[in-house]
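Okay, here's what each chain looks like letter by letter:
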Amino acid sequence: MTMRRVFYRLLWVAVFVLPLWVLLGRAFFGVPLGLQFVGQLLLVPLLFVGQAVATGVVVGRRSVRQAKAVSWADVGLLTLSWLGQLGLGFFIVDSSAESESESASAFTQVAGGVSSLDLSTALFALCAVVTIAAGVGLFAAALWQFVKEARARMAVSLANLERVASGTGVAAGRRPGYGDDGPVITITPRG
């Protein structure tokens, strides 16, 4: 339960921090921001919006808000998505406008060598696929859980409405003695 609560608390923080990491992460390792940065200025907002929508659907579930904890399925998909985004910040290869030989990523700055540049490109592609698949999976799973919970709440509400309309009992959630006191005597002043 503790891990699920930690993930709940990190949901909105991750919506803002992870896209910024993808945009600027390699600058922390001394990699010059080149032509790739321009493309990211257009694509990172899409990552932000997609993550915000998925997080909104997760938090929109009543069970998540009441328990202040996400489900285990959410934990798994969020972990995949967040690790993929962290990997994007490390492995994205950026090239300068002058020459292709100055291409680098945070990974190549640490590992060095031409072979690490190829590995960085392959790992970036893997992280991109993982991020997209986990994001779509998170949205679909959260939406499915949302619909399932809403359907159950609607069934309870309709059962209560049926019970009250038929006069066979008190609606669930009402305490006896409140609102069913019997006849009411009204005294009007003369005058």
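Structure: see above.
Residues numbered from 1 in each chain as written. Predicted model: local features only at pLDDT ≥ 70, side-chain atom pairs only at ≥ 80, totals over all residues. Heavy atoms only, no water.

### Quick notes on the overall build of the chain
Scanning the chain for helices and strands turns up 6 helices and 0 strands. Taken from the N to the C terminus, the helices and strands of the chain come in the order α-α-α-α-α-α. Counting every position in the chain, which comprises 191 residues, the buried fraction comes to 32%. Residue pairs at least 24 apart in sequence account for 71% of intrachain contacts in the chain once pairs closer than 6 positions are excluded. As displayed, the chain has an accessible area near 12,000 Å², and 70% of this comes from carbon and sulfur atoms. (Helix = DSSP H or I, 4+ residues; strand = E, 2+ residues; numbered from the N terminus. Buried < 20%, exposed > 50% of the residue type's maximum accessible area, 1.4 Å probe, protein only. Contact = heavy atoms within 4.5 Å. Areas by Shrake-Rupley, 256 points an atom, 1.4 Å probe, with all protein chains shown as cover.)

### Section: the pattern of salt bridges
Applying the stated rule across the entire model yields 2 salt bridges. Among the ionic pairs, D74 bridges to R61, the shortest N-O distance being 2.6 Å. Taken together, the residues span a long stretch of sequence, with D74 in helix α4 (residues 72-91) and R61 in the loop between α2 (35-59) and α3 (62-67) at a distance of 13 residues. Taking relative accessible area as the criterion, R61 reaches 1% and is therefore assigned buried. With a shortest N-O distance of 3.7 Å, E149 and R61 are connected by a salt bridge. Within this pair, whereas E149 is found in helix α6 (residues 114-166), its partner R61 is found in the loop between α2 and α3, the two being separated by 88 residues in sequence. (Salt bridge = Lys/Arg side-chain N within 4 Å of Asp/Glu carboxyl O.)

### Examining the environment of V22
Mapping V22 onto the fold places it in helix α1 (residues 2-24). In the structure, V22 is positioned 63 residues away from Q85 in sequence and 6.5 Å away in space, judged by C-alpha atoms. Other than its neighbours up to four places away in sequence, V22 contacts Q40, V44, L47, Q85, L88 and G89.

### With respect to the environment of V147
Along the chain, V147 falls in helix α6. Classification of V147 by relative accessible area gives partly exposed; the value is 40%.

### Considerations on the nonpolar core
The biggest cluster of nonpolar side chains holds 16 residues, and the ones touching the most others in it are F7, L11, V58, V70, L78 and W82. Of all the secondary structure elements, the ones that give two or more residues to this core are α1, α2, α4 and α6. Per-element tally for this core: the top contributor is α1, with 5 residues. In this view, L11 contacts T55, V58, V59, V70, L78 and W82; residues no more than four positions away in its chain are not counted. Ranked by size, the runner-up nonpolar core spans 7 residues in total, among them V22, L23, V44 and C127. (Core = buried A, V, L, I, M, F, W, Y, C linked by side-chain atoms within 4.5 Å.)

### Quick notes on α1
One turn of the α-helix equals 3.6 residues, which is why residues spaced by three or four share an orientation. Spanning 23 residues, α1 covers 31 Å between terminal C-alpha atoms, matching the ideal 33 Å at 1.5 Å per step. Maximal helix bending in α1 amounts to about 50 degrees, located at V13. Considered for burial, the residues of α1 that qualify are R4, F7, Y8, L11, A14, V15, L18, P19, W21, V22 and L23. Contacts from the buried residues of α1 go to α2, α3 and α4. (Expected span 1.5 Å × (residues − 1). Bend = angle between axes of the 7 residues up to and from the residue.)

Such coordinate-based values are descriptive only and should not be taken to indicate function.
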